[in-house]
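The primary structure of each chain is shown beneath.
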Amino acid sequence: METALIVLAAGQGTRMNSDLPKVLHPIAGAPLLVHALDAGAVLDPTRTVVVAGHGADAVTRAAQDHDAEITVVRQDEQLGTAHAVAQARDALAGFTGDAIVLYGDTPFISADTLTALAEARRSHDVVVLGFQAADPGRYGRLVTAGDTLERIVEFKDATEDERAITLCNSGVVAADCATLFSLIDAVGNDNASGEYYLTDIVGLARDRGLTAGFVTCPEAETLGINTRAELAAAEAAFQARARAEALENGVTLAAPDTVHFAHDTVVGRDTVIEPNVVFGPGVTVESGAHIRAFSHLEGCHVSRGAIVGPYARLRPGVELAEDVRIGNFVEIKNATLDAGAKVNHLSYIGDATVGEAANIGAGTVTCNYDGVFKHRTEIGARAFIGSDTMLVAPVKIGAEAMTASGSVITMDVPDGALAVGRARQEVKPGLARRLFDKLRAQKAKQQQKAAE
Ligand code: UD1
Ligand code: MG
């Protein structure tokens, strides 16, 4: 059976105190919305509809950047969760299969939980995800009888007895898509908030002789983000889990608490990560690599045996082949370095290819930008770039070619050639001594004058 996801993301998130729509605030480098979509991906949805309202343009861009197939619909006025789901109706016209409702601000629902939810749908027409709340607060309460869900009552509308229930509504619901919309048609707004409650569909389903059930998950999974403090706590929870997983997978972290992962970081077994390393989005590190302290990596691939850092920066589009060495204060952007290439000190390599076992000397800069266009630098295998070479792109350095230290290279260098691009040195015998004598005499005169 096919599955459609409906992700509610129209709310303002007033308590974030932000110009950015709430669902676009990031955890581990990805918007909350993307975490929710990734969570839902375990159900292998054939259709995904995001309901946007506040900041809809930005939400649309983020959703479609993530997956161009996603449909974004608008809910211009936020009249309640049932009203929000109703906005997805046209987008899902003709869809036959299950619809699962998720919240865009609830990033941590696990794969196991959603799988259990889908499974429970085999025995119930409507399935709701609940959790035992340590502090049930203002959550909706699940009114149950055995394994049957009778209805959900919102806190504001609940009696004292109902408020004593600790089994709460996460907001996640699964039902046959046509059934869901038909139930939503019957939802009214005669309640304490004057809103169209999605939660009402449970009672309505039971009135029609349909069955409703529930599954539960740990409360941590249903954690919704409403404030910056909750965002920070969610980030911490994400990082703690990512570090534990890395350790479990055979990655050495000398000081786990100081390593910061992105939502999609992949690190192979027996790789060593020293303290204070930050991974931005899109990084894969193979097995047996070594990322040294204070390095920052994003959008790059590091192969087996490579050593990066300390204090290295790898920016998007970097491919390091096996056994590459990137040393301190080196920045690499949009560049491929073949096996065994070395850039050990104080260099910038951007928009470049560096051949196998080439050696890039300290202080080398690829001058890739002329103020308007970016240009490429190609460095051949086993080339030797002398310290402090400026490679003015576009430029090619041949295999086993050399550049003299301090050169400004503006023309291509053929294979095996040595290029010298600097002023010829002149030596003036005795001139330094004469200059020193003169300057010291001048100083002595000044000091004498000052003492008089
Ligand atoms: C909702 C549930 C409550 C549950 C709680 C869990 C209802 C009526 N209540 O309450 O049972 O315990 O979530 O967190 O469903 N949204 C829209 N458009 C709207 C209204 C909401 O897109 O018109 C989105 C919000 O952006 C948010 C989600 O739906 O992502 C939930 O809305 P929220 O207002 O937080 O619902 P609660 O009152 O917390
Ligand atoms: Mg809420």
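Residues numbered from 1 in each chain as written. Chains lettered and ligands numbered in written order. Predicted model: local features only at pLDDT ≥ 70, side-chain atom pairs only at ≥ 80, totals over all residues. Heavy atoms only, no water.

## Re the environment of Gly317
In plain terms, the rule: Secondary structure elements follow DSSP: runs of H or I of four or more residues count as helices, runs of E of two or more count as strands, with numbering from the N terminus. Whether two residues touch is decided by their heavy atoms; if any such pair falls within 4.5 Å, the residues are in contact.
Here Gly317 lies in the loop between β21 (312–314) and β22 (318–320). In the structure, Gly317 is positioned 105 residues away from Arg422 in sequence and 32 Å away in space, judged by C-alpha atoms. Ignoring any residue separated from it by four or fewer positions in sequence, one finds Gly317 in contact with Gly299, Asn334 and Ala335.

## Digging into the pattern of salt bridges
Formally: Throughout this description, the term salt bridge denotes a Lys or Arg side-chain nitrogen within 4 Å of a carboxyl oxygen of Asp or Glu. Think of it in three bands: with a 1.4 Å probe and only protein chains considered, a residue is buried below 20% of the maximum accessible area for its type, exposed above 50%, and partly exposed in between.
In this structure the tally under the stated criterion is 12 salt bridges. Among the ionic pairs, Lys22 bridges to Asp105, the shortest N-O distance being 2.9 Å. Here Asp105 lies in the loop between β6 (98–103) and α4 (111–120) and Lys22 lies in the loop between β1 (3–9) and β2 (26–27), a separation of 83 residues in the sequence. Judged by its relative accessible area of 9%, Lys22 is buried. The salt bridge involving Glu400 is made with Arg382; its shortest N-O contact spans 2.8 Å. Taken together, the residues span a long stretch of sequence, with Glu400 in the loop between β32 (395–397) and β33 (402–403) and Arg382 in the loop between β29 (377–379) and β30 (384–385) at a distance of 18 residues.

## Section: the site of ligand 1
Our working rule: The criterion for a residue being near a molecule or strand is simple. One of its heavy atoms has to lie within 4 Å of it. Here a polar contact means two N or O atoms within 3.5 Å. Within protein one must be a hydrogen donor candidate and the other an acceptor candidate, and residues neighboring in sequence count only if both atoms are side-chain atoms. In this description, accessible areas are obtained by the Shrake-Rupley approach with a 1.4 Å probe, and a residue is regarded as covered only by the protein chains that are shown.
Around ligand 1 there are 19 residues in total, and Gln75, Gly80, Thr81, Glu154 and Asn169 lie nearest to it. In this structure, Asn169 approaches ligand 1 through a main-chain N or O atom, which is 2.7 Å from an oxygen atom. Bound to the protein, ligand 1 loses 79% of the 750 Å² it would expose on its own. For the shell around ligand 1, the secondary-structure elements that each account for two or more residues are β1, α3 (81–86) and β10 (167–176).

## Some details on the sheet that holds β30
Threshold: Pairing between two strands is assigned when DSSP locates at least 2 bridges connecting them.
Ordered in space as β12-β14-β17-β20-β23-β25-β27-β30-β33-β35, the 10 strands form an open sheet in which the pairing is parallel. Both outer strands of the open sheet, β12 (252–253) and β35 (418–419), are each paired with one neighbouring strand and no more. Taken together, the two bridges between strand β25 (residues 342–345) and strand β27 (residues 359–360) define a ladder with parallel strand orientation. Paired with Val343 across the two strands is Ile360, which belongs to β27.

## A few points about the domain arrangement of the protein
Applied cut-off: Note that the domain bounds reflect an automated or database-derived domain assignment. Defined here as a combined quantity, buried area equals the accessible surface (1.4 Å probe) lost by two parts on assembly, summed across both.
Examined at the domain level, the protein breaks down into domain 1 (3–222) and domain 2 (228–419). On a C-alpha basis, the centres of domain 1 and domain 2 stand 42 Å from each other. Listed by partner, the interface residues are 13 residues for domain 1 and 12 residues for domain 2. Between domain 1 and domain 2, a total of about 980 Å² is buried, with carbon and sulfur atoms accounting for 62% of that surface. The largest share of the area that domain 1 buries against domain 2 comes from Met16, Ala28 and Phe108, three residues that together contribute 49% of it. The interface formed by domain 1 and domain 2 includes five residue pairs in polar contact (both at pLDDT 80 or more). For the side of domain 1 that touches domain 2, the secondary-structure elements that each account for two or more residues are β2 and α1 (32–40). The biggest single contributor to the side of domain 1 that touches domain 2 is α1, with three residues.

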